[in-house]
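One-letter residues, chain by chain:
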Amino acid sequence: MKYVVDRVSRVDKYLMEEMGVSRSYVQKMMDSGYVLVNGNSVKNSYKLKIDDVIEVEDGYSEDVSIEKENIPLDIVYEDDDLLVVNKPSGMVVHPAPGNYHGTLVNALMYHCNHLSRVNGEVRPGIVHRIDKDTSGLLVVAKNDAVHDNLAKQISEKSVTREYLALVDGVIMEDTATIDAPIGRDPHNRKKMCVTDVSSKDAVTHIRVMERYEKATLITCKLETGRTHQIRVHMSYIHHPVVNDPVYGRKKLDNPSFGQMLHAKKLGFVHPVTGKYLEFEVDAPAEFYEILAKYKEM
């Protein structure tokens, strides 16, 4: 992973903010030789300059054991090569510093004898992710060849990914395309935003399903898959996802539930059989409980 520095900061603080990890994690990573600045090893306290280049080598993980955990899984499809799961809202996809238990990976390791290792020991099988508080479909690879093929399909934009979302306000257009690059928010490094600085192309296609007095139910088809893409794009056009604690309004409809965003449809070509597979799952009950309130307004 490569970062082009856009602000003056200590290198450990910069990586802590960019990667969303603790300072001690960054320091251990640097001590293990996984970080170079302009091609050189530096101390944790090194003061970065604008346009310095930080390179973080893949493969570092803390000396922890990711445990198998008997957590129930909603498996939509499974064969010898892959499986498709319906992740509940509130479940983290893979372990990360400070959060090594209760994740989808912990559950997958208990369920499967083999998972791909392309993304390392901490993310076995994980081809793509959805946010902790987003529910819905994910495909998981059981071997490296299948993982590489699925990742290629995603990069080539041939995978079908459709979400259901309830957003604030009334969208008047029946369909729309949001084509706006996404990068780190310079004012809050834990958030993403639409920006031309150190960003990547991001395209979301939306279609209105129902309009209510104060909200709109839409489907979103991803052409790209940037971090928080739908949440950022909908906030950008002033229709943030309802109940979004980061990009939405401060008062949440249900603080115990996540944003009103559900990965409802997933389609791809099976890497081994060559057959196109497509799956669709309904949103969780909590989604419809909040939706019902808007229908009654």
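Just above sits the structure.
An account of the accompanying structure is given in this report. (Residues numbered from 1 in each chain as written. Predicted model: local features only at pLDDT ≥ 70, side-chain atom pairs only at ≥ 80, totals over all residues. Heavy atoms only, no water.)

### What about the overall build of the chain?
Here's step 1: Scanning the chain for helices and strands turns up six helices and 14 strands.
Here's step 2: Computed over the C-alpha atoms, the radius of gyration of the chain is 20 Å, within 12% of the 19 Å expected from 2.2 N^0.38 for a compact globule of 297 residues.
Here's step 3: The 297 residues of the chain split such that 47% are buried.
Here's step 4: The contacts of the chain with a sequence gap of at least 6 include a subset with a gap of at least 24, amounting to 64%.
Here's step 5: For the chain, the exposed area adds up to about 15100 Å²; of that, 47% sits on carbon and sulfur atoms.
Here's step 6: Computed over 38 positive and 44 negative side-chain charges, the inter-centroid distance for the chain is 5 Å. (Helix = DSSP H or I, 4+ residues; strand = E, 2+ residues; numbered from the N terminus. Rg over C-alpha atoms; globule rule 2.2 N^0.38 Å. Buried < 20%, exposed > 50% of the residue type's maximum accessible area, 1.4 Å probe, protein only. Contact = heavy atoms within 4.5 Å. Areas by Shrake-Rupley, 256 points an atom, 1.4 Å probe, with all protein chains shown as cover. Lys, Arg positive; Asp, Glu negative; His and termini not counted. Charge placed at Lys NZ, Arg CZ, Asp CG, Glu CD.)

### Some details on the packing of helix α1 (residues 11-19) against helix α2 (residues 23-31)
Here's step 1: Here α1 crosses α2 at 115°, and the two axes come no closer than 9 Å. Note that α1 runs across α2; the crossing there is right-handed. Facing α1, whose interface residues are Val11, Asp12, Lys13, Leu15, Met16 and Met19, α2 presents Arg23, Val26, Gln27, Met29 and Met30.
Here's step 2: By residue class, the composition of the contact of α1 with α2 is seven nonpolar, one polar and three charged. (Axes fitted to C-alpha atoms, helices over the stretch in contact; angles between N-to-C directions. Left-handed = near helix turned anticlockwise from the far one by under 90°. Nonpolar A, V, L, I, M, F, W, Y, C, P; charged D, E, K, R; others polar.)

### Section: α1
Here's step 1: Every buried residue belonging to α1 is among Val11, Asp12, Tyr14, Leu15, Glu17 and Glu18, and all of these are buried.
Here's step 2: Positioned one or two residues after α1, Gly20 has a phi angle of 70°, which is positive.

### Let's talk about the nonpolar core
Here's step 1: One finds Leu104, Leu108, Tyr163, Leu166, Ile218, Met234 and Met260 to be the most contacted residues of the largest nonpolar core, which totals 45 residues.
Here's step 2: Here Leu104 is in contact with Leu73, Val85, Met91, Val92, Val93, Ile126 and Leu138, once residues within four sequence places are set aside. (Core = buried A, V, L, I, M, F, W, Y, C linked by side-chain atoms within 4.5 Å.)

### As for the sheet that holds strand β3 (residues 53-56)
Here's step 1: Reading across from one edge, β1-β3-β2 is the order of the three strands in this open sheet, with antiparallel pairing throughout. Among the strands making up the open sheet, the edge pair consists of β1 (2-4) and β2 (35-37). Averaged over all pairs of adjacent strands, the angle between their axes in this sheet comes to 15°, without regard to strand direction.
Here's step 2: Taken together, the three bridges between β1 and β3 define a ladder with antiparallel strand orientation. Looking at β3, one finds that Val4 is bridged to Val53. (Pairing = 2+ DSSP bridges.)

### Looking at helix α5 (residues 229-236)
Here's step 1: Within α5, six of the eight residues are buried, which leaves the element mostly enclosed by the surrounding structure.
Here's step 2: Among all positions of α5, only Gln229, Ile230, Arg231, Val232, His233 and Met234 are buried.

### Section: the pattern of salt bridges
Here's step 1: Considering all chains together, one arrives at 18 salt bridges under this definition.
Here's step 2: Taking the shortest distance from any N to any O, the salt bridge between Arg7 and Glu18 comes out at 3.2 Å. Here Arg7, found in the loop between β1 and α1, pairs with Glu18, found in helix α1; they are 11 residues apart in sequence, far enough to count as distant. Here the two residues Arg7 and Glu18 agree in accessibility, since each one is buried.
Here's step 3: As a salt-bridge pair, Lys264 and Glu280 come within 3.6 Å of each other at their nearest N and O atoms. One end of the pair, Lys264, is in strand β13 (residues 261-269); the other, Glu280, is in strand β14 (residues 276-280), and 16 residues separate them in sequence.
Here's step 4: The class of Lys264 is buried, set by a relative accessible area of 13%. (Salt bridge = Lys/Arg side-chain N within 4 Å of Asp/Glu carboxyl O.)

### Thoughts on the side chain of His239
Here's step 1: Within the fold, His239 resides in the loop between α5 and β13.
Here's step 2: Assessed through its relative accessible area of 16%, His239 is described here as buried.
Here's step 3: A distance of 2.7 Å separates the side chain of His239 from the backbone oxygen of Asp168, its partner in a polar contact.
Here's step 4: Apart from residues no more than four positions distant in its own chain, His239 is found in contact with Val167, Asp168, Gly169, Val170, Ile171 and Met234. (Polar contact = N/O pair within 3.5 Å; in protein donor to acceptor, adjacent residues only side chain to side chain.)

### Details of unusual backbone geometry
Here's step 1: Positive phi, normally seen in glycine, also occurs at His228, with a value near 60°.
Here's step 2: Note that His228 resides in the loop between β12 (215-222) and α5.
Here's step 3: Residue classification places His228 among the buried residues on the basis of a relative accessible area of 18%.

Limitation: the analysis is restricted to geometry and does not speak to function.
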